[in-house]
Amino acid sequence: MLRHLRPLATALLLLTVNCSLLTETKAQTPKTYTSSEILLGLKKLNVLGSVMYLAAHPDDENTRLIAYLANERLLETSYLSCTRGDGGQNLIGPELREGLGVIRTQELLAARRLDGGRQFFTRANDFGFSKTADETFRIWDKEQVLADLVWVIRQRRPDVLITRFPPDARAGHGHHQASAILAAEAFDAAGDPKRFPEQLQYVQAWQPKRLLWNTGSFFVKPGENMDGYLRLDAGGYNPLLGQSYGEIAARSRSNHRSQGFGSAAQRGEALEYFQPMKGDKATKDLFEGVDQTWNRVPGGAAVGKLIEEVIRKYDPSNPSASVAGLTKVQDALFRIKNDIRISSSKDKNYLWVDEKTKTIRALIQACSGIYAEATVTEPTVASGGEATIEYEIINRSNLPIKLNKVRVEKLDFPGDPFSFTIDEQRIDATQTTELTRNKRVNGKVMLKGLNNALISQPYWLREPGTIGMYKFEEPWTKKVANDQLRGTPENAPVASVYISCSLSEANGESFPIGITIPVQYKHTDPVLGELYQPLAVVPPVLVNLPPARSYVFADAQPKTVPVTLRAGRAGVSGRLALALPAGWTCEPATADFALAAKDEELTVNFQVQPLAGAAPGRAELRATATVAGQAYARGIQKIEYPHIPTQFLFPEAVAPLVKLDLKRRGQNVAYLMGAGDEVPDALRQIGYNVTLLEPKDLTAATLKKFDALVVGIRAYNTVDRLKTQQPEILKYIEAGGNVVVQYVVNRGTVMPEIGPYPMTLSTDRVTVEDAPVTLTKHQLLAAPNKITAEDFKGWVQEQGLYYPSKWDPKYQTVISSSDPGEPAKESAILVTDYGKGHYIYTGLSLFRELPAGVPGAYRIITNMISYGKEPAQ
């Protein structure tokens, strides 16, 4: 028999309910649960232990260990990544930097949805490969990153911290090493109330029991005895999930598609090793001395017994029979929370009570079979506009449930979880409100008043940061909002629908059930079927420049700069203008526009050219649309891949504007795309006719029509057909052709030799982008443009990567450079003659420098394409 909750419990129950059992799900098909998944959730209710895994990047985490800890040990398991992986390469598309960081954030969230973990971040920006922790800390704000780590530890209160890497050179990457150093410092600082005391008005100091390093054979010396390390077998099988933890881990890790981390499942024993680093030493188990029962909560022993009874009586063929028992557990938790509130104890921590209450609410929904969704018919709504939300509710059990009211909750400020307004629709008492078994109840509510045009921009991208750190100081004074954003993986939904139901008892009393669901855009793809994505708020007008394009002028001839306006709402009009640096002009100076329909587009072509007084080098242009006195200068970028929810970014409408002295030889360039880059568009900017070839077109007969073939980044890792077409490429070179191959990752090449003569690819690189360069007297540096040290200034992220460590004497070196304290690396550019033609391999990061408008990069690649050609007569 269900018992009537006292007023305090009722009020608390009607707070937000997350529609997930074990992990957070946003912008996904509404999650439903099998009976076995519900049982796993019930068992997890009775475990009060927490573990946090710390590393540097997406894909650094041990997904097998996370799956084991979350689903076998039933612990709250989280992964805290220092960065979002913005500085990596992208195997699935052209997005780099901020766009790639958004992709990799969502890949981590997709991984956690499979392995059962939670995800957190710091403000650190992945600025690219770093060789030492010292270099990393020169670019990161170490104290800010440490503060973020401490905040998340204090907020989540893990019993055990585990690092992926050692705090020394064995970590292999400066970010890896830095993450381990920071973890050790955070372990001490989190429990010290004198460190970051400003946090203590929202959280309490927390000292984890121990810090461990999850080591393995890849870190230890050959023959080193690991018997003294803690170890566990993470390769077990979970019958409730029907998978081993190795199988779950493979599916989880395979979500890191942008990094090419598709993984094969491992089955059977899988030993994990742990070296104690700080805190109480354990001899047999990671959680020795940690009470993981309800005894750690004052008055909680009785709760544990109630949960045991629910588990014992659980009927997988009728989960709804467990609702009565779960309401008893929830009632007990409300009493405990109230006792904590009125107690004299200074440690008024509600973490476990609150977390388990959220889980119970989700379990009640799952057991009762309530399905609910709230959708809109368009993916965007304009700031200040409105949209109709259609909701659907189905009771798929025999429980007597009534629908009481539906209300819309929306954010007033971007990302502020404590600032929302409510539009409420009460259900008319004269209408039938019974949620009859398997009968849909549909309705509509209006969404209005979303008045911030940046509310859907990822919160860490709303303000300019630094090379090493993101910034997200919000434009309001409620400091609690900043702290609540800190560490979170993504924005909160811009709007949610709260559904208030009640479960009728035989004695006439009722038990309230509250469900909160995000508002999503739902549509049906003819191939993929029903799809959901986040609702996005957009400005009234969007101002789009071509992505990742620099406008490069080697002469005074005008170039077309297309600016595409897109209406965020119907009936928007105003004036568009380009802001140019001194010495530049455009025609027209401004352009009036009027867009009648939402999503209507208009492209205005500006003719931009430098005047005699235009300064050489790199500047920028900015497009701005003015509507009713308000300036808008952001476009929209849609990131859409099948393994993650669709994401929207709102980049500023700016583009590099470059004036340089440039000569070139040859006109027609063939380009083979590899993992994806923007180099072809950059070559077009300097006057080349660029043809994108398919791998099947790489024949000597086809290639002879071109002055050069340029091979895109990682093509020899991703284009399998190159192993059959390579002889044709060599025939083209032998007959007088010119081939330029951009960097190739040293592992996973489609063939053993990528050039006409042997070379051994390696992980060697120069990470300091402005490292001094020594130039040889090689002809490649002499014509048609004289390359000097000035051409290597103003570079972004890193100078080059994946340099060969060995090469045949037939290859000639062209430049050398090094990171501080390292010997010179001479293989950034290797050139060889082959027959009548020429082959060039370069690890220089031209794929980053060209879209960024680095003048020297254009001069260098032009010399590569022109190499060996005589000036036009």
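Once a new chain begins, its residue numbering starts again from 1 and follows that chain's sequence as written. Where local features are concerned, this predicted model is filtered to residues with pLDDT of at least 70; where side-chain atom pairs are given and counted, the filter is 80 or more; whole-chain, interface and lining totals use all residues. Calculation of side-chain values draws on the structure's entire complement of heavy atoms; hydrogens and water are dropped beforehand.

**As for the overall build of the protein**
Part 1 of the argument: Only runs of H or I of at least four residues qualify as helices and only runs of E of at least two qualify as strands under DSSP, and these elements are numbered from the N terminus. The number of helices and strands found in the protein is 18 helices and 42 strands.
Part 2 of the argument: The C-alpha atoms of the protein give a radius of gyration of 30 Å, which matches the 29 Å a tight globule of 873 residues would have.
Part 3 of the argument: The buried label goes to any residue with under 20% of its type's maximum accessible area, the exposed label to any with over 50%, and the partly exposed label to all in between, with areas taken from a 1.4 Å probe on protein chains only. Buried residues in the protein amount to 57% of all 873 residues.
Part 4 of the argument: Residue contacts are defined here by distance: any two heavy atoms, one from each residue, within 4.5 Å place the two residues in contact. Contacts in the protein between residues at least 24 apart in sequence constitute 75% of all its contacts with a sequence separation of at least 6.
Part 5 of the argument: The method behind every accessible area is Shrake-Rupley, applied with a 1.4 Å probe, and residues are considered shielded solely by the protein chains displayed. Only carbon and sulfur atoms are counted for the fraction: they give 50% of the accessible area of the protein, which is about 34800 Å². This radius of gyration counts C-alpha atoms alone. The globule rule is 2.2 Å times how many residues there are, raised to the power 0.38.

**Looking at the packing of aromatic side chains**
Part 1 of the argument: Think of it this way: a Phe, Tyr or Trp ring, Trp meaning its six-membered ring, pairs with another when their centres are within 6.5 Å, and the plane angle makes it stacked under 30 degrees, edge-to-face over 60, tilted otherwise. Under the counting rule described, the total for this entry stands at 11 aromatic pairs.
Part 2 of the argument: Summarising the aromatic geometry, the rings of Phe 792 and Trp 795 are spaced 5.4 Å apart at their centres and angled 20° between planes, so their arrangement reads as stacked. Across the pair, exposure class does not vary: Phe 792 and Trp 795 are buried alike.
Part 3 of the argument: Chaining the aromatic ring pairs together yields one cluster made of Tyr 757, Tyr 811, Tyr 834 and Tyr 839.
Part 4 of the argument: Distance and angle both matter: a charge sits over a ring if NZ of Lys or CZ of Arg is within 6 Å of the ring centre and within 35 degrees of the ring normal. In this structure, Arg 765 is placed above the aromatic ring of Tyr 802, and the distance from its NZ or CZ to the ring centre is 5.0 Å.
Part 5 of the argument: Over the aromatic face of Tyr 757 sits the side chain of Lys 810, whose NZ or CZ is 5.0 Å from the ring centroid.

**Quick look at the pairing of strand 31 (residues 654–659)**
Part 1 of the argument: As paired strands, strand 21 (residues 551–553) and strand 31 are joined by three bridges and run parallel to one another. Paired with Val 552 across the strands is Val 658, a residue of strand 31.
Part 2 of the argument: In the sheet, strand 27 (residues 617–627) pairs with strand 31 via six bridges, with the strands oriented antiparallel. Paired with Arg 622 across the two strands is Val 654, which belongs to strand 31. If DSSP finds at least two bridges between two strands, the strands pair.

**Side note on the nonpolar core**
As a rule of thumb, nonpolar side chains are buried together in soluble globular proteins.
Part 1 of the argument: Side-chain atoms within 4.5 Å are what join buried Ala, Val, Leu, Ile, Met, Phe, Trp, Tyr and Cys residues into a set we call a nonpolar core. Core analysis: the largest hydrophobic core is formed by 78 residues, its most contacted members being Leu 683, Leu 709, Tyr 841 and Leu 844.
Part 2 of the argument: For this core, the element with the most residues is helix 18 (residues 855–866), which contributes six residues.
Part 3 of the argument: Contacts of Leu 683, omitting those with residues within four sequence positions, involve Val 669, Tyr 671, Tyr 688, Val 690, Val 710, Ile 861 and Ile 865.
Part 4 of the argument: Val 297, Val 381, Val 408 and Leu 535 belong to the second largest nonpolar core, which has 58 residues in total.

**Some details on the pattern of salt bridges**
Part 1 of the argument: Each reported salt bridge corresponds to a side-chain nitrogen of Lys or Arg within 4 Å of a carboxyl oxygen of Asp or Glu. Summed over the entire model, instances satisfying the criterion amount to 47 salt bridges.
Part 2 of the argument: Residue Lys 522 is joined to Glu 530 by a salt bridge in which the shortest nitrogen-to-oxygen separation is 3.6 Å.
Part 3 of the argument: Overall, the relative accessible area of 26% leaves Lys 522 in the partly exposed class.
Part 4 of the argument: Residues joined in a network through salt bridges with shared partners are Glu 76, Arg 118, Arg 156, Glu 355 and Lys 358.

**Points about the sheet that holds strand 39 (residues 812–813)**
Backbone hydrogen bonds hold the strands of a sheet together, and the pairing may be parallel or antiparallel.
Part 1 of the argument: Spatial ordering of the open sheet is given by 33-32-34-35-42-41-39, a layout of seven strands whose pairing is mixed. With partners counted over all chains shown, the strands left at the sheet margins are strand 33 (689–693) and strand 39, one partner each.
Part 2 of the argument: Inspection of the sheet shows strand 32 (residues 668–672) paired to strand 34 (residues 708–711) by four bridges, in the parallel sense. Bridging across to strand 34, Ala 670 finds its partner in Leu 709.
Part 3 of the argument: Where helix 18 meets the sheet, its contacts fall on strand 32, strand 34, strand 35 (738–741), strand 41 (829–834) and strand 42 (837–842), and the angle it forms with strand 35 comes to roughly 140°. Axis lines are fitted to C-alpha atoms, over the contacting stretch for helices. Their N-to-C directions set the angle, which ranges from 0 to 180 degrees.

**Quick word on the side chain of Arg 714**
Part 1 of the argument: Along the polypeptide, Arg 714 turns up in the loop between strand 34 and helix 15 (715–718).
Part 2 of the argument: Note that His is not counted, nor are the chain ends; the positive residues are Lys and Arg, and the negative ones are Asp and Glu. Buried within the structure, Arg 714 lacks any salt-bridge partner; Asp 59 is the closest side chain of opposite charge, at an N-O distance of 9.5 Å.
Part 3 of the argument: Arg 714 has contacts with Gln 89, Asn 90, Leu 91, Gly 674, Ala 675, Tyr 743 and Val 745, leaving out every residue within four places of it along the chain.

**Considering the sheet that holds strand 3 (residues 118–121)**
Part 1 of the argument: If you trace the seven strands from one edge of the open sheet to the other, you get 3-2-1-4-5-9-6, paired in mixed fashion. Looking at which strands have only one partner, the edges of the open sheet turn out to be strand 3 and strand 6 (230–233). Averaged over all pairs of adjacent strands, the angle between their axes in this sheet comes to 30°, without regard to strand direction.
Part 2 of the argument: Relative to strand 9 (residues 271–279), strand 6 is paired through four bridges, and the arrangement is antiparallel. Each bridged residue has a counterpart across the sheet, and for Leu 232 the counterpart in strand 9 is Glu 272.
Part 3 of the argument: With respect to the sheet, helix 3 (residues 63–71) is in contact with strand 1 (50–55), strand 2 (76–81), strand 4 (160–163), strand 5 (210–215), strand 6 and strand 9, its orientation differing from that of strand 2 by roughly 150°.
Part 4 of the argument: Strands in contact with helix 4 (residues 97–115) are strand 2 and strand 3; relative to strand 3, the strand with the most contacts, it is inclined by about 155°.

**What to know about the side chain of Arg 848**
Part 1 of the argument: On the secondary structure map, Arg 848 appears in helix 17 (residues 846–849).
Part 2 of the argument: Among buried charged residues, Arg 848 stands out as having no salt bridge; its nearest opposite-charge side chain is Glu 798, 4.3 Å away.
Part 3 of the argument: In the analysis that follows, any N or O atom pair within 3.5 Å is treated as a polar contact, provided that within protein one partner can donate a hydrogen and the other can accept it, and provided that, for residues neighboring in sequence, both atoms belong to side chains. A polar contact is formed between the side chain of Arg 848 and the side chain of Gln 797, at a distance of 3.4 Å.
Part 4 of the argument: When residues no more than four places from it in sequence are discounted, the contact partners of Arg 848 are Gly 87, Gly 88, Gln 89, Leu 96, Arg 97, Val 796, Gln 797 and Glu 798.

**Some thoughts on helix 6 (residues 142–156)**
Part 1 of the argument: When the terminal C-alpha atoms of helix 6 are compared, their 21 Å separation across 15 residues agrees well with the 21 Å that a helix rising 1.5 Å per residue should span.
Part 2 of the argument: When you tally the buried positions in helix 6, you get 11 out of 15 residues, the bulk of the element.
Part 3 of the argument: Turning to helix 6, its buried residues are Val 145, Leu 146, Ala 147, Asp 148, Leu 149, Val 150, Trp 151, Val 152, Ile 153, Arg 154 and Arg 156.
Part 4 of the argument: Positioned one or two residues after helix 6, Arg 157 has a phi angle of 55°, which is positive. By definition here, a helix of n residues has an expected span of 1.5 Å times n minus one.

**Considering the environment of Gln 609**
Part 1 of the argument: Note on placement: Gln 609 falls in strand 26 (residues 601–610).
Part 2 of the argument: Here the alpha-carbon distance between Gln 609 and Trp 584, two residues 25 residues apart in the chain, equals 5.9 Å.
Part 3 of the argument: What Gln 609 contacts, discounting residues up to four positions off in sequence, is Phe 553, Ala 556, Gln 557, Pro 558, Trp 584 and Thr 585.
Part 4 of the argument: One polar contact links the side chain of Gln 609 to the main-chain carbonyl oxygen of Ala 556, over a distance of 3.0 Å.

**With respect to the environment of Arg 267**
Part 1 of the argument: Among the secondary structure elements, Arg 267 is positioned in the loop between helix 8 (245–253) and strand 9.
Part 2 of the argument: Arg 267 sits 24 residues away from Gln 243 along the chain, and the two C-alpha atoms are 9.2 Å apart.
Part 3 of the argument: Setting aside chain neighbours within four positions, we find Arg 267 in contact with Ser 244 and Glu 247.
Part 4 of the argument: In this structure the side chain of Arg 267 is engaged in a polar contact, spanning 2.5 Å, whose partner is the side chain of Glu 247.

**Remarks on the confidence of the model for the protein**
Predicted coordinates in areas of low pLDDT are best not read in detail.
Part 1 of the argument: pLDDT is a per-residue confidence score from the predictor, ranging from 0 to 100. Mean pLDDT over the protein: 90, with 92% of residues reaching 70 or higher.
Part 2 of the argument: With pLDDT under 50 throughout, residues 1–26 is counted as low confidence; its partners more than four residues away or in other chains account for 90 contacts.

**So, the packing of helix 9 (residues 301–313) against helix 10 (residues 323–342)**
Part 1 of the argument: One can describe the packing of helix 9 onto helix 10 by two numbers: an axis separation of 9 Å at closest approach and a directional angle of 170°. If you check the angle between helix 9 and helix 10, you find them roughly antiparallel. In contact with Val 303, Leu 306, Ile 307 and Val 310 of helix 9, helix 10 contributes Gly 325, Leu 326, Lys 328, Val 329, Ala 332, Leu 333 and Ile 336.
Part 2 of the argument: All amino acids are sorted into three groups, where Ala, Val, Leu, Ile, Met, Phe, Trp, Tyr, Cys and Pro are nonpolar, Asp, Glu, Lys and Arg are charged, and the leftover types, Gly among them, are polar. Its residues assigned to classes, the contact of helix 9 with helix 10 shows nine nonpolar, one polar and one charged. For classification, angles of less than 35 degrees are called roughly parallel, those exceeding 145 degrees roughly antiparallel, those between 65 and 115 degrees roughly perpendicular, and all remaining angles oblique.

**A closer look at unusual backbone geometry**
Leaving glycine out, the prevailing phi sign among residues is negative, and the prevailing peptide bond configuration is trans.
Part 1 of the argument: Following Glu 587, the chain continues to Pro 588 via a peptide bond in cis, the omega torsion being 0°.
Part 2 of the argument: Of note, Pro 588 is situated in the loop between strand 24 (584–587) and strand 25 (590–595).
Part 3 of the argument: The amide bond that connects Ala 783 to the next residue, Pro 784, takes the cis arrangement and shows omega of 0°.
Part 4 of the argument: Relative to the helices and strands, Pro 784 is located in the loop between strand 37 (773–775) and strand 38 (800–807).
Part 5 of the argument: Backbone geometry places Arg 97, a non-glycine residue, at a positive phi of 50°.
Part 6 of the argument: Tracing the backbone shows Arg 97 in helix 4.
Part 7 of the argument: For Arg 714, which is not glycine, the phi dihedral falls at a positive 60°.

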